[in-house]
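Letter by letter, the chains look like this.
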Amino acid sequence: MLGILLSDRDKEEIIYLLKREMDEILFDLKDTRIESIVKQSMQDRYKTLFSLFKRVASQHECMRYVLPSSNKSSGMGK
């Protein structure tokens, strides 16, 4: 197991970077021009980022970034 000590400022910076990256992925997932295989790869990356985000963000902040389980109309479901 690895650990890391962060100051509050560093924690907020990490949260900001993760949010920004996840927002970009969410935006791109809505683009109908992107093929489904690419979207699947983007979803996998999103899940990885979200798992990191859950470790540093509050539960309230995490709720905004939970992916819908099946939303085929926007291309974000499985």
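Within any chain, residue numbers begin from 1 and follow the written order of that chain's sequence. With the structure being a predicted model, the display of local features is reserved for residues of pLDDT at least 70 and the display and counting of side-chain atom pairs for 80 or more, all residues being used for whole-chain, interface and lining totals. Values shown for side chains rest on all heavy atoms present in the structure; no hydrogens or waters enter the calculation.

## Topic: the overall build of the protein
The numbering of helices and of strands both runs from the N terminus, where a helix is a DSSP run of H or I of at least 4 residues and a strand a run of E of at least 2. Across its full length, the protein holds three helices and zero strands. Tracing the protein from N to C terminus, the helices and strands come up as α-α-α. Relative accessibility under 20% of the residue-type maximum defines a buried residue, over 50% an exposed one, and the middle range a partly exposed one, all with a 1.4 Å probe and only protein chains included. Out of the 78 residues in the protein, the part that is buried amounts to 27%. Two residues qualify as a contact provided that any one of their heavy atoms is within 4.5 Å of a heavy atom in the partner residue. Contacts in the protein between residues at least 24 apart in sequence constitute 54% of all its contacts with a sequence separation of at least 6. About 6,300 Å² of surface is accessible on the protein, with carbon and sulfur atoms providing 55% of the total. Areas reported here follow the Shrake-Rupley algorithm with a probe of radius 1.4 Å; residue values treat only the protein chains shown as occluding.

## A closer look at the packing of aromatic side chains
Think of a pair of aromatic rings as described by two things: how far the centres are apart, and how the planes are tilted against each other in angle. For Phe, Tyr and Trp, where Trp contributes only its six-membered ring, two rings pair if their centres lie within 6.5 Å, and the inter-plane angle classes them as stacked under 30 degrees, edge-to-face over 60, or tilted in between. Applying the stated rule across the entire model yields three aromatic pairs. Judged by centre distance (6.4 Å) and plane angle (35°), the rings of phenylalanine 50 and phenylalanine 53 are tilted. Of this pair, phenylalanine 50 and phenylalanine 53 both sit in helix α2 (residues 36–56), separated by three residues, roughly a single helical turn. You'll find phenylalanine 50 and phenylalanine 53 in the same group, each marked buried. On the numbers, 5.3 Å between centres and 70° between planes, the contact of phenylalanine 53 with tyrosine 65 is edge-to-face. Here the residue phenylalanine 53 occupies a position in helix α2, and tyrosine 65 occupies one in the segment after α3 (59–64), the gap between them amounting to 12 residues. Residue classification places tyrosine 65 among the buried positions, given a relative accessible area of 3%. Members of the aromatic cluster, each reached through a chain of ring pairs, are Tyr46, Phe50, Phe53 and Tyr65.

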